[in-house]
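Commentary on secondary and tertiary structure
Listed below, chain by chain, are the residues.
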Amino acid sequence: MIVAYFDCFSGASGDMLLGALVDAGWAQAELESLPQKLGLSGVTVSVGRARRGAIEAARVSVDVGQAQPTRHLHQVRERVMAADVPERAKTRAMSAFERLAEAEAKVHGTTVDKIHFHEVGAVDALIDFVGTCWGLESLGVEEVYASALPLGRGRVQTEHGVLPVPAPATAELLRGVPVEMPDVQAELVTPTGAALLTTLVRRWGWAPAFRVRAQGVGAGGRDLAEQPNVLRLFVGDTSEGAEPGLGRRTVMVLETALDDASPQVIATLVPGLLAAGARDAFLTAIQMKKGRPGILVTCLCDPGQEDALAGLLFRESPTLGVRVRREERIELARRAVEIDTPHGRVAAKEALLPDGTRRLMPEYESLAALAEKTGIPLLELSRSVLAAWNGGH
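Within each chain, residues carry numbers counting from 1 in the order of the written sequence. Side-chain atom pairs in this predicted model are given and counted only at pLDDT of 80 or more, local residue features only at pLDDT of at least 70, and totals for whole chains, interfaces and linings cover all residues. Side-chain figures throughout are based on the complete set of non-hydrogen atoms in the structure, without hydrogens or water.

Defined by distance alone, a disulfide is two cysteine sulfur atoms within 2.5 Å. Overall, the coordinates contain zero disulfides when judged by the stated rule. Here C299 stays free of any disulfide, with the sulfur of C301 as its closest cysteine sulfur at 5.2 Å. Remark: exposure states derive from per-residue accessible area (1.4 Å probe, protein chains only) relative to the maximum for the residue type, with buried under 20%, exposed over 50%, and partly exposed in between. Judged by its relative accessible area of 1%, C299 is buried. Taking relative accessible area as the criterion, C301 reaches 0% and is therefore assigned buried.

Here you go:
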């Protein structure tokens, strides 16, 4: 799986994101063709180089050579959805536009339908939003991760007058996002950068282990006295280097030890965790302090699910704390199949081993349902599934 990690140590803006993508390998010609694809007359995009502190980076500029109309959200949507760019890029770009419009409407006490994007600002946003999403598609990125966002301090001049940093719309967009407040007198995260990242990023603060294939650096519009005003991008593959048939997955492991819960309570935890989206859950008998017998509850889930599943453990058990750790799992490539047997159809998983051979694992629930329906012992049904599958191979 191809992933992108944005290292936002000096913040993020639309032009910084575009510059990082081009520097990481996105074709410059595609970005420069974007005004035409969006039907923007008198607008050109250029890519140059700029030095910010000790770092050289790609610098993207949008030049508007003629007057542009004010655009409302529905007009932006029509233009974006008509553009000759990948469908997912258009969908993601509109999601970011809608997030920005909702944030602006909330902080200014109006509605999304009344929000409008002013002249040059509308053009910049169109290029930033559609370009960033197109660049990720062109680089084959499937998932996006990013560091915590430093917001900066001070004031910024806007079309609404002087506003504090972070701007109110930016602050609204960043609800639930990890941020830092460095003593840098500048707007480090713009509303455009915030809208894009909060739309695209799957997880903040870390990324799954990956092998770096490319990196890019995008320059902001001005120099900062405190640090280089750049955004770094790393693009890599989470499965590169694995044996054929093998893949790597990051999983979160949740554990809690219980010695004061009744068996009736404990019995509900595993099915509850699985129903809530856990990849696996199980119980282990342990001996705890003072010789008390206890139960270790272990749950495996995808990154991003741990808070919800920990919440379930807090609600459904007397635990006062849940341990969480990140682990990497090597797993076989697999696919879901259905096997026709003389007794009926059974669901199964077919796995590919590193040596190219395949293995079949019938699904227990499917076997059990067929056993109940036919009266045939489950073990006999399992053998018939494997026989039918081997007959087809």
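Picking up after the structure, the text goes on.
Right, let's talk about the environment of G193 for a bit. Note on conventions: DSSP H or I runs of at least 4 residues are helices, E runs of at least 2 residues are strands, and numbering of each starts at the N terminus. With respect to the element layout, G193 can be found in helix 8 (residues 191-200). C-alpha of G193 to C-alpha of L300: the two residues are 107 residues apart in sequence and 33 Å apart in space. Apart from residues lying up to four places away in sequence, G193 is in contact with A12, S13, G14 and L17. Contact between two residues is taken to exist if any of their heavy atoms lie within 4.5 Å; hydrogens are not considered.

This brings us to the environment of A83. Looking at the secondary structure, you find A83 in the loop between helix 4 (73-81) and helix 5 (87-107). With 82 residues separating them along the chain, A83 and M1 place their C-alpha atoms 27 Å apart. Residues contacting A83, with those up to four places away along its chain left out, are K37, L38 and K90.

Examined against the element boundaries, S13 turns out to sit in the loop between strand 1 (2-7) and helix 1 (14-23). Residue class for S13 comes out buried when judged on its relative accessible area of 8%. With sequence-adjacent residues up to four places away left out, S13 is seen in contact with T190 and G193.

The next point concerns the pairing of strand 16 (residues 293-301). With seven of nine residues buried, strand 16 is to be regarded as a mostly interior element. When DSSP finds at least two bridges between two strands, those strands are taken to pair. The pairing of strand 15 (residues 280-287) with strand 16 spans eight bridges and is antiparallel. Opposite L283, over in strand 16, you have V297 as the bridge partner.

The next thing to look at is the layout of surface pockets. The calculated volume of the second largest pocket comes to roughly 280 Å³. Forming the boundary of the second largest pocket are 17 residues, of which M1, T238, R248, R249 and T250 lie nearest the centre. For the lining of the second largest pocket, the secondary structure elements donating two or more residues are strand 6 (143-146), strand 14 (246-258) and strand 17 (323-341). For the lining of the second largest pocket, the residue count by class is six nonpolar, four polar and seven charged. Throughout, the protein atoms alone are placed on a 1 Å grid, and a set of points is a cavity if a 1.4 Å probe fits but cannot get out or a pocket if it is open with protein on both sides within 12 Å along at least five of seven lines; lining residues have an atom within 4 Å of a point. Grid points are joined across faces, edges and corners, and a volume is the space filled by probe spheres set on the points. Three classes are used: nonpolar for Ala, Val, Leu, Ile, Met, Phe, Trp, Tyr, Cys and Pro, charged for Asp, Glu, Lys and Arg, and polar for all others, with Gly counted as polar.

As for its position among the elements, D302 is in the loop between strand 16 and helix 10 (306-316). Setting aside chain neighbours within four positions, we find D302 in contact with R202, R249, M252 and R279.

A word on the confidence of the model for the protein chain. Residue-level confidence of the predictor is what pLDDT reports, using numbers from 0 through 100. For the protein chain, the mean per-residue pLDDT works out to 89, and 95% of the residues sit at or above 70. The spread of mean pLDDT over the elements of the protein chain runs between strand 5 (residues 116-117), the lowest at 64, and helix 1, the highest at 97.

The salt bridge definition used is simple: a Lys or Arg side-chain nitrogen within 4 Å of an Asp or Glu carboxyl oxygen. Tallying each qualifying case throughout the model produces 25 salt bridges. The shortest N-O distance in the salt bridge between E56 and R49 comes to 3.4 Å. For D340, the salt bridge is made with R345, and the minimal N-O distance between the two is 2.8 Å. Through salt bridges that share partners, E255, R323, R325 and E327 make up one connected network.

A few words now on the packing of aromatic side chains. The aromatic pairing rule takes the rings of Phe, Tyr and Trp, using the six-membered ring of Trp, and pairs them if the centres are within 6.5 Å, calling planes under 30 degrees apart stacked, those over 60 edge-to-face and the rest tilted. Under the definition given, this model contains two aromatic pairs. Between F97 and F129 the ring centres are 4.4 Å apart and the planes differ by 25 degrees, which places this aromatic pair in the stacked class. One end of the pair, F97, is in helix 5; the other, F129, is in helix 6 (residues 119-138), and 32 residues separate them in sequence.

By this rule, a helix spans an expected 1.5 Å times one less than how many residues it contains. Here helix 9 (residues 263-275) is 13 residues long and its end C-alpha atoms lie 19 Å apart, about the 18 Å a rise of 1.5 Å per residue gives. Bend is the name given here to the angle between axes fitted to two runs of seven residues, the run ending at a residue and the run starting at it. For helix 9, the principal kink sits at L269 and spans about 25 degrees; a proline, P271, occurs within the next four residues. Every buried residue of helix 9 is accounted for by I266, L269, V270 and L273. At the C-terminal side of helix 9, G277 shows a positive phi close to 115 degrees.

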